[in-house]
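# Examining the three-dimensional arrangement
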Amino acid sequence: EEVFLRPPRTVGNPDEVVALGAALRMGMHIARTNPHLLNEVQLKALLEVELDEITNHYYGDIAINSSTNKLQNYTIIPKGEQVPCERTETFVLLEDGQDSVPLYITQSTVEETDPEEVHTVWEGRLELDPEKTKKDDPVTTTFSYTAGELMKCVWVHVPTGATREIGMNQEE
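Definitions and cut-offs
- Residues numbered from 1 in each chain as written.
- Predicted model: local features only at pLDDT ≥ 70, side-chain atom pairs only at ≥ 80, totals over all residues.
- Heavy atoms only, no water.
- Patch = residues over 30% accessible without salt bridge, like charges linked within 9 Å, V, L, I, M, F, W, Y side chains within 5 Å.
- Areas by Shrake-Rupley, 256 points an atom, 1.4 Å probe, with all protein chains shown as cover.
- Salt bridge = Lys/Arg side-chain N within 4 Å of Asp/Glu carboxyl O.
- Helix = DSSP H or I, 4+ residues; strand = E, 2+ residues; numbered from the N terminus.
- Pairing = 2+ DSSP bridges.
- Axes fitted to C-alpha atoms, helices over the stretch in contact; angles between N-to-C directions.

## A word on a nonpolar patch on the surface
A cluster of nonpolar side chains, I64, L71 and L94, forms an exposed patch at the surface whose accessible area comes to about 260 Å². Relative to the elements of secondary structure, L71 occurs in strand β2 (residues 70–77).

## Details of the sheet that holds strand β6 (residues 138–146)
Pairing within the open sheet is antiparallel, and its four strands lie in the order β3-β6-β7-β8. Pairing within the sheet leaves two strands with one partner each, and these edge strands are β3 (85–92) and β8 (162–169). When the angles between neighbouring strand axes are averaged without regard to direction, this sheet yields 15 degrees. As paired elements, β6 and strand β7 (residues 150–157) share eight bridges and run antiparallel to each other. When the bridges of β7 are listed, T141 appears paired with W155.

## A look at the sheet that holds β2
Spatial ordering of the open sheet is given by β2-β1-β4-β5, a layout of four strands whose pairing is antiparallel. Looking along the sheet, the strands with just one partner apiece sit at the ends: β2 and β5 (119–127). Each adjacent strand pair in this sheet contributes to an overall mean axis angle of 30 degrees, direction not counted. Of the pairings in the sheet, the one linking strand β1 (residues 58–65) to strand β4 (residues 100–108) comprises three bridges and is antiparallel in character. For G60, the partnering residue across the bridge sits in β4 and is T106.

Here it is, written out as structure tokens:
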């Protein structure tokens, strides 16, 4: 109440609301995959339901902030983004002859720049040929989030095409 200057809206028992949502999602799935299990009224009603899916967390990558020279978490896909979605950010190499780039997939419930305050979901490296890298070479970071909570992350060293791709679902 203090923040929004009005009392919170309640719609019922949270456990019942979650159960109802799960039942509705399962009904929609059955309507599309096994419609013969439903009567005509159920089938018609479930096929008319449309749900908007949105991301439930902020997803990002950690890189060095060129102004502060410190590690920073950069949001790639914000919380509440309509699914499916895809976002790309471009970062740069820090030095000539760089042989790899550290890669991260971070997740948080609030937008956060401090790497210590986010959950690192995955960590790896993009290996590079140091003979072919120069300071300020662009490295693109593309995160995509699909319906069904599948996430794909792709990092590309643009000049050489060196690529690292990771796919995961929210159960991992």
